[in-house]
2 protein chains.
Amino acid sequence: MDVTKLSQGCMLGLPCLPEDGGMYGKAPQVAGVRVQLEMHSLWQQFDQLGTEMIVTKAGRRMFPTFQVRISGMDPASEYVLLMDFIPVDDKRYRYAFHSSSWLVAGRGDTAAPGRVHFHPDSPARGAQWMKQTVSFDRLKLTNNLLDDNGHMILNSMHRYQPRLHVVLVDQRRDSQRYAHRNFCTFSFPETRFIAVTAYQNHRITQLKIASNPFAKGFRTTNPDEW
Amino acid sequence: MDVTKLSQGCMLGLPCLPEDGGMYGKAPQVAGVRVQLEMHSLWQQFDQLGTEMIVTKAGRRMFPTFQVRISGMDPASEYVLLMDFIPVDDKRYRYAFHSSSWLVAGRGDTAAPGRVHFHPDSPARGAQWMKQTVSFDRLKLTNNLLDDNGHMILNSMHRYQPRLHVVLVDQRRDSQRYAHRNFCTFSFPETRFIAVTAYQNHRITQLKIASNPFAKGFRTTNPDEW
DNA sequence: GATTTCCCACCTAGGTGGAAAGGT
DNA sequence: ACCTTTCCACCTAGGTGGGAAATC
């Protein structure tokens, strides 16, 4: 399955991914949810070069930060927002400096423990989520399989696709039976990346420095263009 | 009315202030709420010297920060927590440096616009409020009557008593009619202070420096004693 | 003279990539 | 070789009191 094809629909507000079972059985409170990726052009710039995200033992933020604008929720209903990261494929990669490109280096390592990151404002009402940009800036990536800080565990030199799950809080007694109706998943192909312990592509490093205020150096281009 | 006498009951978990109408008509979800002031001995040290809090045009944090531990809420009910500041008296004060004491300098100025500060986690369930210390560290004090940042407006050289209000979120249609039953107010006399634009009592300055990590200088005494 | 405003050096707190060292 | 770890100088971001200057 080509992950690249999956998310355009969601980004534009069309039905959820096929893996969710389609929209037809969805609860009305999630069926209409629309999610728009913020900093879209910055993500695209990175994606064109091949985004790399640093993973450290202590945990490292993502840059760009995964931020979305949400609409179409029921303002009065409660939702939980969470993220996870799925392997794009079962491959291990390595970077060929001479050709400045990523090569397949073999089969993927055994998958890291699958964790999810709840947005710290969860649960909150639709009105709350929709009134301003939702930012996952507290999320951190680690390569420590024994991590005890609740960070997202990834394998270095593997490729990942971030996903956002919007889950309706269902107070009914037998809500378990309807669980599959109560959530919707969104993924944006321009946010995929390869996890690394040190940057491989120098152009990625330079774009990080140029666009992340915390990195050394000064902006040389107009941030409005991103 | 002597404000000093009012709050001991609340601090120890006894009934709310008389001004609230007593506990007898209170909803069960608020009747049992208990609030304990954190950093109690630090507050006492300041109070013994005569606490001063800086007010600035841009807004200044309180130090010590108003922090409480809460118990006795209904874990499943939703509550809003908010603070306000009431004038202790209708007086204006000035500091006599030669005698190192505060003197009454006349009648109080016209009261500043009465604002409230909602704890940013509001609304949240009782379980959430009770599971860890609730800190009002985002609250800022200003002397700008035209403040547009939602800060608490106070008159400099006037004396104030911080108050905490615990409000049950009542979803019933005619909840207005029962509003007086749905909240409880707590005030701690050791948290009163005089608002100033510059510190008057040098011993207050020294204690701020010694106990606030953001102030210059190093701790010389053991923080455990506070 | 008393009080307020403004700017600043100095902190805390924590997010960066780089370089050197370590590991396999 | 290739990858990871550790430490660190250098940032952002913002909370302090001090002192000069302004205000009243």
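Position labels on residues start from 1 in each chain and follow its written sequence. Note on labels: chains are lettered from A, ligands numbered from 1, in written order. Only residues with pLDDT of at least 70 are given local features in this predicted model, and only at 80 or more are side-chain atom pairs given and counted; all residues enter the totals for whole chains, interfaces and linings. Only hydrogens and water are removed before side-chain values are computed, so all heavy atoms of the structure are retained for them.

Note the cut-off: UniProt positions are given in the numbering used here, feature names are shortened, and annotations may be inferred rather than shown by experiment.
As annotated in an unreviewed UniProt entry, chain A is T-box transcription factor TBX1 from Chanos chanos. Recorded in UniProt for chain A, the comment headed Subcellular location (unreviewed entry) runs: "Nucleus".

### Regarding the overall build of chain A
Applicable threshold: For helices the rule is a DSSP run of H or I covering at least 4 residues; for strands it is a run of E covering at least 2, with both sets numbered from the N terminus onward. Between buried and exposed lies partly exposed: a residue is buried under 20% and exposed over 50% of the maximum accessible area for its type, with that area taken using a 1.4 Å probe on protein chains only. Contacts are assigned to residue pairs with any non-hydrogen atoms lying within 4.5 Å of each other. Using the Shrake-Rupley algorithm and a 1.4 Å probe, accessible areas are obtained, with residue cover drawn only from the displayed protein chains.
Along the backbone of chain A there are 6 helices and 15 strands. A burial count over chain A gives 46% of its 226 residues as buried. Restricting to contacts in chain A with at least 6 residues of sequence separation, those with at least 24 account for 75%. Total accessible area computed for chain A in this model is approximately 12100 Å², and 51% of it derives from carbon and sulfur atoms.

### Observations regarding the protein's contact with DNA strand D
This is how it is decided: We call a residue near a molecule or strand whenever a single non-hydrogen atom of that residue lies within 4 Å of it. Side-chain atoms alone can form a polar contact between residues adjacent in sequence; in general such a contact is a pair of N or O atoms within 3.5 Å, and within protein one must be able to donate a hydrogen while the other accepts it.
Neighbouring residues of DNA strand D: 18 residues in total, closest Asn143 and Thr197 of chain A together with Arg60, Tyr199 and Asn212 of chain B. The sugar-phosphate portion of DNA strand D accounts for 80% of its atoms within 4 Å of the protein, the bases making up the rest. Between a phosphate oxygen of DNA strand D and a side-chain N or O atom of Asn143 of chain A, the distance comes to 2.6 Å. Within the contact set of DNA strand D, a base nitrogen lies 3.1 Å away from a backbone nitrogen or oxygen of Phe214 of chain B. Broken down by secondary-structure element, the contributors of at least two residues to the surface near DNA strand D are β3 (60-61) and α6 (202-211) of chain B.

### Some remarks on the packing of helix α4 (residues 40-49) of chain A against helix α6 (residues 202-211) of chain A
All names here are of chain A. Rules: Helix axes are fitted to C-alpha atoms over the stretch in contact, other axes to C-alpha atoms as well, and angles between N-to-C directions run from 0 to 180 degrees. Geometric relationships in this document are graded by angle, where less than 35 degrees denotes roughly parallel, more than 145 denotes roughly antiparallel, 65 to 115 denotes roughly perpendicular, and other angles denote oblique. Should the near helix be turned anticlockwise from the far one by less than a right angle, the crossing is termed left-handed; should it be turned clockwise, right-handed.
Relative to each other, α4 and α6 sit at 165°, their axes nearing to 9 Å. One element, α4, and the other, α6, form an angle in the roughly antiparallel class. For the pair α4 and α6, the crossing hand works out as left-handed. Across the interface between the two elements, Leu42, Gln45, Phe46 and Leu49 of α4 pack against Arg203, Ile204, Leu207, Lys208 and Ser211 of α6.

### Concerning the protein's contact with DNA strand C
Our working definition: All amino acids are sorted into three groups, where Ala, Val, Leu, Ile, Met, Phe, Trp, Tyr, Cys and Pro are nonpolar, Asp, Glu, Lys and Arg are charged, and the leftover types, Gly among them, are polar.
Every one of the 20 residues lining DNA strand C counts as a neighbour, but Arg60, Tyr199 and Asn212 of chain A together with Asn143 and Thr197 of chain B are closest to it. Sugar and phosphate atoms form 78% of the subset of DNA strand C atoms that lie within 4 Å of the protein. Here Lys140 of chain A contributes a side-chain N or O atom positioned 3.2 Å from a phosphate oxygen of DNA strand C. Secondary structure elements with two or more residues in the surface near DNA strand C: β3 (60-61) and α6 of chain A. A total of 3 residues in the surface near DNA strand C trace back to one element, the largest contributor, which is α6 of chain A. Taken together, the residues that form the surface near DNA strand C break down as 8 nonpolar, 5 polar and 7 charged.

### Quick look at the sheet that holds strand β12 (residues 152-153) of chain A
Residue and element names in this part refer to chain A. Heads up, the condition is: Two strands qualify as a pair provided that DSSP identifies no fewer than 2 bridges between them.
Taken together, the 3 strands give an open sheet; going across it, the order is β3-β11-β12, and neighbouring strands pair in mixed fashion. A strand with exactly one partner marks an edge of an open sheet, and here the two such strands are β3 and β12. Here 2 bridges tie strand β11 (residues 140-142) to β12, and the two strands are oriented parallel to one another. Across the sheet, the residue bridging to Leu141 is Met152, located in β12.

### As for the environment of Gln29 of chain A
All names here are of chain A. Looking at where Gln29 falls in the secondary structure, it is placed in helix α3 (residues 28-31). Given the relative accessible area of 24%, Gln29 is considered partly exposed. Beyond its immediate chain neighbours, meaning those up to four positions away, Gln29 contacts Met73, Asp74, Ser77, Tyr79 and Leu168.

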